[in-house]
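# Coordinates in review
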Amino acid sequence: DAGVTQSPTHLIKTRGQQVTLRCSPKSGHDTVSWYQQALGQGPQFIFQYYEEEERQRGNFPDRFSGHQFPNYSSELNVNALLLGDSALYLCASSHRGGNQPQHFGDGTRLSIL
Amino acid sequence: AQKVTQAQTEISVVEKEDVTLDCVYETRDTTYYLFWYKQPPSGELVFLIRRNSFDEQNEISGRYSWNFQKSTSSFNFTITASQVVDSAVYFCALSEARVGASGTYKYIFGTGTRLKVLA
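A short tour of the structure in this document, coming up.

Rules used in this analysis
- Residues numbered from 1 in each chain as written.
- Chains lettered and ligands numbered in written order.
- Predicted model: local features only at pLDDT ≥ 70, side-chain atom pairs only at ≥ 80, totals over all residues.
- Heavy atoms only, no water.
- Disulfide = S-S within 2.5 Å.
- Helix = DSSP H or I, 4+ residues; strand = E, 2+ residues; numbered from the N terminus.
- Buried < 20%, exposed > 50% of the residue type's maximum accessible area, 1.4 Å probe, protein only.
- Phe/Tyr/Trp six-rings, centres within 6.5 Å; stacked < 30°, edge-to-face > 60°.
- Pairing = 2+ DSSP bridges.

## With respect to the state of the cysteines
Residue and element names in this part refer to chain B.
- Evaluated as defined, the whole model comprises 2 disulfides over all chains.
- Between the sulfur atoms of Cys23 and its disulfide partner Cys92 the distance amounts to 2.0 Å. Its torsion about the S-S bond being -65°, the disulfide of Cys23 and Cys92 is classed as left-handed. Of this pair, Cys23 sits in the loop between strand E3 (19–21) and strand E4 (24–26) while Cys92 sits in strand E10 (residues 88–97); the two residues are 69 residues apart in sequence, bridging distant segments of the chain. Accessibility classification places Cys23 together with Cys92 in one group, the buried group.

## Things to note about unusual backbone geometry
- A cis amide bond links A:Ser7 to the next residue, A:Pro8, at an omega of -10°.
- Among the secondary structure elements, A:Pro8 is positioned in the loop between strand E1 (5–7) and strand E2 (10–13).
- You will see that A:Glu51, though not glycine, has its phi angle at about 50°, which is positive.
- Tracing the chain through its elements places A:Glu51 in the loop between strand E5 (44–50) and strand E6 (53–57).
- Even without being a glycine, B:Ala81 presents a positive backbone phi close to 50°.
- Secondary-structure assignment places B:Ala81 in the loop between strand E9 (74–79) and E10.
- Since its relative accessible area comes to 32%, B:Ala81 is described here as partly exposed.

## Notes on the packing of aromatic side chains
- Enumeration over the complete set of coordinates arrives at 22 aromatic pairs over all chains.
- Measuring from centroid to centroid gives 5.8 Å for B:Phe68 and B:Phe75, while their planes differ by 80°, and the two rings are edge-to-face. B:Phe75 shares its class with B:Phe68; the two are buried.
- An aromatic cluster of at least three residues, connected via ring pairs, comprises A:Tyr35, A:Phe45, A:Phe104, B:Phe35, B:Tyr37, B:Phe47, B:Phe91, B:Tyr107 and B:Phe109.

## Digging into the pairing of strand E8 (residues 74–78) of chain A
Residues and elements named next belong to chain A.
- Burial of E8 is extensive: 5 of the 5 residues sit out of reach of the surface.
- Across the two faces of E8 the burial is the same, with Ser74, Leu76 and Val78 and Glu75 and Asn77 all buried.
- Taken together, the 5 bridges between strand E3 (residues 19–24) and E8 define a ladder with antiparallel strand orientation. For Thr20, the partnering residue across the bridge sits in E8 and is Asn77.
- Relative to E8, strand E7 (residues 64–68) runs antiparallel, the two being bridged by 5 bridges. Among the inter-strand pairings, His67 is bridged to a residue of E8, identified as Glu75.
- What sits between the antiparallel neighbours E7 and E8 is a turn of 5 residues, in which Tyr72 has the positive phi angle 80°.

The following block contains the structure:
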């Protein structure tokens, strides 16, 4: 039973560029959440997708956008990258409609030069 | 506002010692959920426990135990007879139910406690 998978594992970009991160949820899960974890900090909620729509959003600018596909996989897009966007980006999946624990992937480490 | 505080930034213990990780939360909701996750160096957050706001029973799972006290808004985590493999960053998280059709949840994490267990 595959867990949450994220790609790529590492990514290096320069300021002003755009990036797309990908996530495949755990089998049987239909809800995907994205978190940003800066070094030495706890994960910060970016947004959550269910039924291909953004359902909740944290305190992140519009440069951060996402998408969910019919197969429940998801993408996180970040435009006009800033140095401060350097972080570990975690994807979590769960089943909608309850307090089911979110299952996390290994994350994508994004470095901005 | 919702908030999770883990005041202990880093704890070092010698193997076989017991250690308690503190978690204090703030919320105005009456229905909420509390979680503990472990993050090893690989980065993946590993789910350890979930507790809902109506269940204040303490829980024990092997060497792990959790003490939930609503009166002090705390959800502390104790590892008994610690082992080197317990070395990781531990996060406490709060999840509130979002009122609405989607009924989805977001997690609010603390800043984590780095536990180092020395052989």
